[in-house]
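Observations on chain architecture
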Amino acid sequence: MIEDLHYPGHLESLMELLRTLPGVGKRAAERMVLAMLKWDTEKQSTFGRLMLELHENVISCPECGAIAEAGKRCPVCGDSGRDRSCLCVVEDPQQIFAVEKSGTYHGLYHVLGGRLSPLSGNNGENMTTEKLLERASRPECREVILALGADVEGRATAVFLAELLKKCDVRVSQPALGLPAGAGIGYADGATIAAALAGRKEF
Ligand SMILES: [Zn+2]
């Protein structure tokens, strides 16, 4: 019996990479890599090529920070039918998909890219605050909805932004019902989000 049996280094490296993904543990990474090993060469090449080209083909929308194709604005910013007087501030791009699925919101978005977390030393340096203030200061902007999580950090971030937004001539609101905390909004069903966004209250 070989006591310290390893997979070849190449496979170990792939497993290590996959384990950095959310929800992927050691066993899941192992299963994925062993399944990839059984792919035919064409499928393996396609996977490799897609990963290689990811960086140049997919970007953050230069306007709102959502996921966009390289050289373009995201589909929401590029849609001339959207209500440009309203900005919905979310933490992550995936939350836009959840809100869009609800079908009740027709304005624009702003992806914050982070949240205040004083306990872990995050004071919001990674947030796109400057861009948000610039967009909120535009003459067409009338309302900013802070659709952030209802947990302590989400609340702290909303209070911080509401204070900064006082210098812009906009109504600052929040969903009346409160959204699920943190990334939870990404998993909330459309009806929950629609109900939360339908009623808005002044911040
Ligand atoms: Zn955009």
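As shown above, the structure is provided for reference.
Every chain is numbered independently, its residues counted from 1 as its sequence is written. The predicted origin of the model limits local features to residues at a pLDDT of at least 70 and limits the giving and counting of side-chain atom pairs to 80 or more, whereas totals for whole chains, interfaces and linings rest on all residues. Derived side-chain values reflect all non-hydrogen atoms in the structure, with water molecules and hydrogen atoms excluded from consideration.

Structural notes on the pairing of strand E5 (residues 143–146)
A two-sided burial pattern is seen for E5, the buried positions comprising Glu143 and Ile145 on one face and Val144 and Leu146 on the other. Of the pairings in the sheet, the one linking strand E3 (residues 83–90) to E5 comprises 4 bridges and is parallel in character. Note that in E5 the partner of valine 89 across the bridge is leucine 146. Classification remark: right-handed applies to a crossover when, strands pointing away from the viewer, the course from the first strand over the helix to the second runs clockwise. Put simply, DSSP H or I for four residues or longer makes a helix, DSSP E for two residues or longer makes a strand, and each gets a number counted from the N terminus. Assessed by its sense of winding, the connection that carries the chain from E5 through helix H6 (residues 152–164) to strand E6 (residues 171–175) is right-handed. In this scheme, a residue with accessible area under 20% of its type's maximum is buried, one over 50% is exposed, and one in between is partly exposed, where area comes from a 1.4 Å probe on protein chains only. By definition, two strands form a pair when at least two bridges between them are found by DSSP.

A look at the packing of aromatic side chains
Ring pairs shown here join Phe, Tyr and Trp side chains whose ring centres sit within 6.5 Å, with only the six-membered ring taken for Trp; geometry is labelled stacked below 30 degrees between planes, edge-to-face above 60, and tilted in between. Summed over all chains, the structure comprises 2 aromatic pairs. Relative to phenylalanine 47, the ring of tryptophan 39 lies with its centre 5.5 Å away and its plane at 70°, an arrangement referred to as edge-to-face.

Examining the coordination of the zinc ion
Ligating atoms shown are N, O and S within 2.8 Å of the metal, or 3.2 Å for Na, K and Ca, and water is not included, meaning a site may look less than complete. For the zinc ion, the protein coordination sphere consists of Cys61 (SG), Cys64 (SG), Cys74 (SG) and Cys77 (SG), at 2.3 Å. Sites are called tetrahedral only when four donors show all angles between 85 and 135 degrees, square planar or octahedral only when four or six donors show opposite pairs over 155 degrees and all other angles between 65 and 115, and irregular in any remaining case. The coordination sphere of the zinc ion comprises 4 donor atoms, whose angles at the metal cover 103 to 115°; the geometry is tetrahedral. Overall, the relative accessible area of 3% leaves cysteine 64 in the buried class. A residue is classified by how much of its surface remains accessible, and cysteine 74, at 2% relative accessible area, is buried.

Observations regarding the nonpolar core
Ranked by internal contacts, the top residues of the largest apolar core, which has 38 residues, are Cys74, Val89, Tyr105, Val144, Leu146, Leu161 and Leu165. The set of elements that each furnish at least two residues to this core consists of E3, helix H4 (93–102), strand E4 (107–111), helix H5 (129–136), E5 and H6. Residue contributions to this core peak at 5 residues, all from E3. With residues up to four places along the chain from it excluded, the contact list for leucine 161 reads Val89, Leu112, Thr129, Leu132, Leu146 and Leu148. Among the buried residues, those of types Ala, Val, Leu, Ile, Met, Phe, Trp, Tyr and Cys that are joined through side-chain atoms within 4.5 Å form a nonpolar core. Contacts are assigned to residue pairs that have any heavy atoms within 4.5 Å of one another.

A few points about the sheet that holds E3
Taken together, the 5 strands give an open sheet; going across it, the order is E4-E3-E5-E6-E7, and neighbouring strands pair in mixed fashion. Edge strands, defined here as strands with exactly one partner in the open sheet, are E4 and strand E7 (200–202). In this sheet, neighbouring strand axes are inclined to one another by 35° on average, regardless of whether the strands run parallel or antiparallel. For E6 and E7, the ladder comprises 3 bridges, and the chain directions are antiparallel. Within E7, the position partnered with proline 175 by the bridge is arginine 200. Between N-to-C directions, angles span 0 to 180 degrees; the directions come from axes that are lines fitted to C-alpha atoms, helices contributing only their stretch in contact. Sitting on the sheet, H5 is in contact with E3, E4 and E5, with an inclination near 155° to E4. Its contacts with the sheet place H6 against E3, E5 and E6, and it is angled at close to 160° to E5.

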